[in-house]
Amino acid sequence: MELTSTDAEQLALNFFLEDWEIPEDDRDFFVTLDSREVDNRWYVVEIGVEGLPDKWVIQVYDETKDCDPYFTFVSPIKAAESDTGLEEMPESIAEILRSERQNLVASS
């Protein structure tokens with residue numbers, strides 16, 4: 001593999017922050033939670049918000065170093081509790097998480 005785990009994590013994080021148009025001042029809230037290599041062809045990278053159980057799972061392909069634009073959101077929080085843990089978050093982040101949590105249940 002040409003791509004290292006650290007490279008994949010950075011590519012996924014940058015892709016995620018740009019895709020969601022996260023303001024520069026709010027970017028430090030997002031962290032890489034985990035990354036793992038799959039079949040010597042890509043990495044699966046998990047991104048979350050420090051202190052919250054939610055995460056986005058993004059595939060980063062080794063050969064092209066591209067991120068799959070159809071990443072997955074995972075959360076144990078129910079739609080009825082979509083504001084859980086968001087009290088101290090900047091509004092831009094709170095809105096993203098609230099929306100993702102509600103859409104997760106709606107698509108289940």
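Not measured: the values here are computed from a predicted model.

(A) Quick look at the overall build of the chain. On a plain count of helices and strands, the chain comes out with 2 helices and 4 strands. Traced from its N-terminal end to its C-terminal end, the chain shows the element sequence α-β-β-β-β-α. In terms of overall size, the chain behaves like a compact globule, its C-alpha atoms giving a radius of gyration of 14 Å where 108 residues would be expected to give roughly 13 Å. Taken along the three principal axes of its C-alpha coordinates, the chain extends 40 × 35 × 20 Å. For the chain, buried positions account for 38% of its 108 residues. Of the contacts made within the chain by residues no fewer than 6 positions apart, 43% connect residues no fewer than 24 positions apart. In the form shown here, the chain has an accessible surface area of approximately 6400 Å², with 46% of it arising from carbon and sulfur atoms. Taken as two groups, the 8 positive and 27 negative side-chain charges of the chain have centres that lie 6 Å from each other.

(B) Highlighting the pattern of salt bridges. One pass over the structure, following the stated rule, counts 8 salt bridges. Put simply, Lys55 and Glu46 hold a salt bridge, and the shortest N to O gap is 3.3 Å. In this structure Lys55 comes out as partly exposed when scored by relative accessible area, which is 24%. Where Arg98 meets Asp83, a salt bridge forms, and the shortest distance between an N and an O atom there is 2.4 Å.

(C) Focus on the nonpolar core. Phe16, Phe30, Ile47, Val49, Trp56 and Leu97 are the most contacted members of the largest nonpolar core, which totals 25 residues. Broken down by secondary-structure element, the contributors of at least two residues to this core are α1 (5–19), β2 (42–49), β3 (55–61) and α2 (91–107).

(D) Just the sheet that holds β2, in detail. If you walk across this open sheet you meet the 4 strands as β1-β2-β3-β4, and the pairing is antiparallel. Of all strands in the sheet, those bounded by a partner on one side alone are β1 (30–38) and β4 (72–74). Looking at each pair of strands side by side, their axes are set apart by 25° on average, direction ignored. The pairing of β2 with β3 spans 7 bridges and is classified as antiparallel.

Conventions adopted
- Residues numbered from 1 in each chain as written.
- Predicted model: local features only at pLDDT ≥ 70, side-chain atom pairs only at ≥ 80, totals over all residues.
- Heavy atoms only, no water.
- Helix = DSSP H or I, 4+ residues; strand = E, 2+ residues; numbered from the N terminus.
- Rg over C-alpha atoms; globule rule 2.2 N^0.38 Å.
- Buried < 20%, exposed > 50% of the residue type's maximum accessible area, 1.4 Å probe, protein only.
- Contact = heavy atoms within 4.5 Å.
- Areas by Shrake-Rupley, 256 points an atom, 1.4 Å probe, with all protein chains shown as cover.
- Lys, Arg positive; Asp, Glu negative; His and termini not counted.
- Charge placed at Lys NZ, Arg CZ, Asp CG, Glu CD.
- Salt bridge = Lys/Arg side-chain N within 4 Å of Asp/Glu carboxyl O.
- Core = buried A, V, L, I, M, F, W, Y, C linked by side-chain atoms within 4.5 Å.
- Pairing = 2+ DSSP bridges.
- Axes fitted to C-alpha atoms, helices over the stretch in contact; angles between N-to-C directions.

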